[in-house]
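Chain by chain, the residues run as shown.
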Amino acid sequence: MGKEKAALRVAELSEQLRAHNYNYYVLSNSTISDYDFDMLLEELQKLETEFPELAKEDSPTKRVGGEITKDFETVKHQYPMLSLSNSYSKEEMQDFETRIKKLVENDLEYICELKYDGVAIGISYKNGKLERAVTRGDGTQGDDVTANVKTIRSVPLKLKGDDYPDEFEIRGEIFYPKDVFEKLNKQRAEAGEDLYANARNTGSGTLKMQDSAVVAQRKLDCFLYFVLGKDLPFKTHFESIEKAGEWGFKVPTEQLKTIKKCKNIDEVLDFITYWDTERHQLNFEIDGIVIKVNSYARQEEIGFTAKSPKWAIAYKFKAEQVKTKLSEITYQVGRTGAITPVANLEPVLLAGTTVKRASLHNADQIEKLDIRVGDTVMVEKGGEIIPKIVDVEVAQREIFSEPTVYISKCPECETDLVRTEGDAKHFCPNEWGCPPQIKGKMQHFISRKAMNIDGLGEETIDLLYEEGLAKNIADLYELTYEQLFELESFKEKKSQNIIAGLVDSKSIPFERVLFALGIRFVGETVAKKLAKHFKTIEAIKAASFDELIAADEIGDKIAESIIEYFKIEGNQALIERLQSHQLQFTLSEEQLANATTKLTGLTFVVSGVFSKFSRDELKASIEQNGGKVSSSISKKTSYIVAGENMGPSKLAKAEKLEVNIIDEDVYLELLN
Ligand code: IVH
């Protein structure tokens, strides 16, 4: 296909895909099959690969992410991101009205909306194109998370119509839909990973992930509720939301009863009452209702306090609580041997789900609540998926009830528990003989972010352990096809898959193998830092405490844990066996070949746009050569590598602190 024809087809495909996206993600109304959508997208991708100059920034192919952000740039909000004052009762709502009526007499109209329990975001558009997305941060400045926000399908990259202002900002809330969050946790449970406790914090963590391709798979969503800009072409908030809907944003609608015009506080209270019960039917979390004065002119008359607009208020729902009885306290043993007490409750309905269990955290918590078997307890469910016990009805307690005595032996292997100073939790020290610890370590090893072994899941590990086929991670590599095939419900295909998955895992890079070992406090990031710094497992094993803490981001606690780990002969034997099965215990040739120590000890801040590198390539180059990349300028900064359009606030700070500013050519000279 010639370029001209390709350009036409690219435009046509982009338009079609954009419309399907909008229908599906904003209107929840599918207008094409997944398969047909993928075919169109694939065709567009092919054309863009063939003619890169046709690949626009706002192309639907950009939704899959790919851009890596190592450090999120801090940017100042053009308009500060304020919060809302809260209220909790009908009386407080009436007080709100009284305050407002003192300032404006007539024409008062309120808009009620849902208070989305997510992560606040401000997205700027220029000439109809998404320009930048910034988190709330401290309200004055936040993090630039544009690459990640662009992967959210309901956020338009290009606006519909042509009556939008040249420049404006729209604010809203990014969140995990409930079903997506549940699915995410289900996958984690299957991979033997700890569950995420609540959707909001997880959403906030996802927005700050470095790899936007991973964010793209996470299926975040975004509601918008506030338009800002100079000389906006509206007279009321309601109009702005309606228009934003026409431009392609996901906004509340009268049809779904997620926005309502109210003439007085009684009507507002009706809206509140309706949603206080109906909220459990929604596929996203809300924690209250937001009430705003509709007219911009009235808003201006009413004004702001330093922290929040006086023309708006949030009504917060009470976290739902319910009484039930504690039937038993049981104790769970985790992969690291940590003991978690669990309250087993008489099942009750709470916030739309049946609750049977609640975490009691640790011995101190039990003591603090003085909770006893048979007690009537108050259970609460806020944003957390695991409900908590907030109170014990001591008055209703039977006279002969006995205080809870915390266990002293492991419920699984009967070993005496230990509790080290400073640790809230008790531990079972029988690392090599306690079944849940053994299984937990194997489950961690095979999990997605560690060795990601195809075909192996939590249940299979349980089975292999129970059948005596695998008692540690090295045993997995000695499994044979015949052994697996003989297991109940194992067929040819399944057995072959597992063996193939294990063979494939031998090429998993060193840093992930290191993470998979499950050394206490050595998470994904720490494993990466260790691998990069020491390059081989032998070097890590040989490192002294001082040598360990000299590595980037390795503190006392981690260093001590690593030393402890290698002191144990069993661990050393395991590693030797894994080495004999050819797992990666050194950085790859490629990683080693490019690495130098030319920039060791130097800290760089990268700002602006470069011609010889992309920003990420430049940062990777600094790290490859032993340098450190930081996102903010401080006295510790050795150099700022500045490209075109370096931010003015960064420049001012650099000048103030007298940090060397170099361009990419000088950087290259530095390397050579
Ligand atoms: S309007 C100046 N509307 O709640 C007014 N905020 O606790 C700006 N929020 O900062 C906010 N749903 O992050 C507004 N429908 C809604 C909202 C909403 C959730 C968040 C927002 C705000 C926080 C205040």
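As the structure is a prediction and not an experimental result, all values here were calculated from the model.

**Quick look at the site of the ligand**
Step number 1: Lining the immediate surroundings of the ligand are 14 residues, of which Glu113, Leu114, Tyr116, Tyr225 and Lys292 lie closest.
Step number 2: Tyrosine 116 is positioned with one of its backbone polar atoms (N or O) 3.0 Å from a nitrogen atom of the ligand.
Step number 3: In isolation the ligand exposes 530 Å². Once the protein is present, 91% of that is buried.
Step number 4: Taken together, the elements giving at least two residues each to the shell around the ligand come down to strand S3 (110-116), strand S8 (221-228) and strand S10 (286-293).
Step number 5: Among the elements that line the shell around the ligand, the one with the most residues is S3, at 4 residues.

**Quick word on a nonpolar patch on the surface**
Step number 1: A contiguous nonpolar surface patch, about 250 Å² in accessible area, is contributed by Leu195, Ile385 and Ile386.
Step number 2: Relative to the elements of secondary structure, isoleucine 386 occurs in the loop between strand S15 (376-381) and strand S16 (388-392).
Step number 3: For isoleucine 386, a relative accessible area of 47% puts it in the partly exposed group.

**Focus: the environment of glutamate 15**
Step number 1: Positionally, glutamate 15 belongs in helix H1 (residues 3-26).
Step number 2: When the C-alpha positions of glutamate 15 and leucine 657 are compared, they lie 49 Å apart, and in sequence the two are 642 residues distant.
Step number 3: Polar side-chain contacts of glutamate 15 include one of 2.9 Å to the side chain of arginine 18.

**What to know about the packing of helix H12 (residues 435-446) against helix H13 (residues 458-466)**
Step number 1: One way to put it is that H12 packs onto H13 with a least axis distance of 10 Å and a crossing angle of 135 degrees. Judged on the interaxial angle alone, H13 and H12 are oblique. Judged by the sense of rotation from one axis to the other, the crossing of H12 with H13 is right-handed. The residues of H13 that touch H12, namely those facing Pro435, Ile438, Lys439, Met442, Gln443 and Ile446, are Glu458, Ile461, Asp462, Tyr465 and Glu466.
Step number 2: Partitioned by chemical class, the residues of the contact of H12 with H13 number 6 nonpolar, 1 polar and 4 charged.

**Some points on the sheet that holds strand S20 (residues 660-662)**
Step number 1: Taken in spatial order, the 4 strands line up as S18-S17-S19-S20 in an open sheet, and their pairing is parallel. Each edge of the sheet is formed by a strand with only one pairing partner; in this case those strands are strand S18 (628-630) and S20. Averaged over all adjacent pairs, the angle separating strand axes in this sheet is 35 degrees, with direction ignored.
Step number 2: Inspection of the sheet shows strand S17 (residues 603-607) paired to S18 by 3 bridges, in the parallel sense. Across the sheet, valine 605 pairs through a bridge with serine 630, a residue of S18.
Step number 3: In the packing of helix H25 (residues 648-657) onto the sheet, the strands contacted are S17, strand S19 (639-642) and S20, and the crossing angle to S17 comes to about 150 degrees.

**Here's the deal with a negative patch on the surface**
Step number 1: A cluster of like negative charges, contributed by Asp34, Asp36, Asp38 and Glu42, occupies part of the molecular surface.
Step number 2: Looking at where aspartate 34 falls in the secondary structure, it is placed in helix H2 (residues 34-50).
Step number 3: Residue classification places aspartate 34 among the exposed residues on the basis of a relative accessible area of 61%.

**Topic: the environment of isoleucine 558**
Step number 1: Tracing the backbone shows isoleucine 558 in helix H21 (residues 556-567).
Step number 2: Distance in space between the C-alpha atoms of isoleucine 558 and glycine 523 is 9.9 Å, their sequence separation being 35 residues.

**Considerations on the nonpolar core**
Step number 1: Core analysis: the biggest nonpolar cluster contains 53 residues, and Phe445, Leu476, Leu517 and Leu530 have the highest contact counts within it.
Step number 2: Once residues within four sequence positions are removed from consideration, leucine 517 is found in contact with Ile473, Ile537, Tyr565, Ile575, Leu578 and Phe585.
Step number 3: Counting 41 residues, the second-largest nonpolar core is a separate cluster that includes Ile121, Tyr164, Leu207 and Val251.

**So, the sheet that holds strand S4 (residues 119-126)**
Step number 1: Spatially, S5-S4-S7-S8 is the arrangement adopted by the 4 strands of the open sheet, whose pairing is antiparallel. One side of each edge strand has no neighbouring strand; the edge strands of this open sheet are strand S5 (129-135) and S8. Along the sheet, successive strands turn relative to each other by an average axial angle of 30 degrees, direction set aside.
Step number 2: As paired strands, S4 and S5 are joined by 6 bridges and run antiparallel to one another. Each bridged residue has a counterpart across the sheet, and for tyrosine 125 the counterpart in S5 is leucine 130.
Step number 3: Sheet strands in contact with helix H6 (residues 199-207) are S4, S5 and strand S7 (167-175), and its direction is about 40 degrees off that of S4.
Step number 4: Against the sheet, helix H8 (residues 237-246) touches S7 and S8, its axis set at about 135 degrees to S8.

**What to know about the packing of aromatic side chains**
Step number 1: According to the stated counting rule, one finds 26 aromatic pairs in the structure shown.
Step number 2: With a centroid separation of 4.8 Å and 80 degrees between ring planes, the pair formed by tyrosine 24 and tyrosine 25 is classed as edge-to-face.
Step number 3: Residue classification places tyrosine 24 among the partly exposed residues on the basis of a relative accessible area of 45%.
Step number 4: On the basis of relative accessible area, tyrosine 25 is assigned to the partly exposed category, the value being 27%.
Step number 5: Plain terms: the ring middles of tyrosine 481 and phenylalanine 485 are 5.7 Å apart, the flat faces sit at 15 degrees to each other, and that makes the pair stacked. One end of the pair, tyrosine 481, and the other, phenylalanine 485, are both in helix H15 (residues 481-485), 4 residues apart, so they sit about a helical turn from each other.
Step number 6: Look at tyrosine 481 and you get partly exposed, because its relative accessible area is 25%.

**Quick look at H2**
Step number 1: With 17 residues, H2 ought to run about 24 Å at 1.5 Å a step, and its terminal C-alpha atoms sit 24 Å apart, in line with that.
Step number 2: Buried within H2 are the following residues: Phe37, Leu40, Leu41, Leu44, Leu47 and Glu48. Considered in projection along H2, the buried side chains sweep an arc of 120 degrees and stay on one side of the axis. In H2, the exposed residues that point more than 90 degrees away from the buried face are Tyr35, Lys46, Thr49 and Glu50.
Step number 3: Buried-residue contacts for H2 involve H1.

**Side note on the packing of H1 against H2**
Step number 1: With their axes 10 Å apart at the nearest point, H1 and H2 run at an angle of 145 degrees to one another. Between H1 and H2 lies a crossing of left-handed hand. Contacts from Ala6, Arg9, Val10, Leu13, Ser14, Gln16, Leu17, His20 and Asn21 of H1 reach H2 at Phe37, Leu40, Leu41, Glu43, Leu44 and Leu47.
Step number 2: Looking at the contact of H1 with H2, its residues break down into 9 nonpolar, 4 polar and 2 charged.

**Regarding the pattern of salt bridges**
Step number 1: Per the counting criterion, the structure on display carries 40 salt bridges.
Step number 2: With a closest N to O distance of 3.2 Å, aspartate 117 and arginine 200 form a salt bridge. In this pair, aspartate 117 sits in the loop between S3 and S4 while arginine 200 sits in helix H6, placing the two residues 83 residues apart along the sequence.
Step number 3: A residue is classified by how much of its surface remains accessible, and aspartate 117, at 19% relative accessible area, is buried.
Step number 4: With a relative accessible area of 41%, arginine 200 lands in the partly exposed category.

Reading guide: rules and limits
Residues numbered from 1 in each chain as written. Predicted model: local features only at pLDDT ≥ 70, side-chain atom pairs only at ≥ 80, totals over all residues. Heavy atoms only, no water. Near = heavy atom within 4 Å. Polar contact = N/O pair within 3.5 Å; in protein donor to acceptor, adjacent residues only side chain to side chain. Areas by Shrake-Rupley, 256 points an atom, 1.4 Å probe, with all protein chains shown as cover. Helix = DSSP H or I, 4+ residues; strand = E, 2+ residues; numbered from the N terminus. Patch = residues over 30% accessible without salt bridge, like charges linked within 9 Å, V, L, I, M, F, W, Y side chains within 5 Å. Salt bridge = Lys/Arg side-chain N within 4 Å of Asp/Glu carboxyl O. Buried < 20%, exposed > 50% of the residue type's maximum accessible area, 1.4 Å probe, protein only. Axes fitted to C-alpha atoms, helices over the stretch in contact; angles between N-to-C directions. Parallel < 35°, antiparallel > 145°, perpendicular 65-115°, else oblique. Left-handed = near helix turned anticlockwise from the far one by under 90°. Contact = heavy atoms within 4.5 Å. Nonpolar A, V, L, I, M, F, W, Y, C, P; charged D, E, K, R; others polar. Pairing = 2+ DSSP bridges. Lys, Arg positive; Asp, Glu negative; His and termini not counted. Charge placed at Lys NZ, Arg CZ, Asp CG, Glu CD. Core = buried A, V, L, I, M, F, W, Y, C linked by side-chain atoms within 4.5 Å. Phe/Tyr/Trp six-rings, centres within 6.5 Å; stacked < 30°, edge-to-face > 60°. Expected span 1.5 Å × (residues − 1). Arc of directions from axis to C-beta.

Spatial relationships are all this shows, so hold off on functional conclusions.
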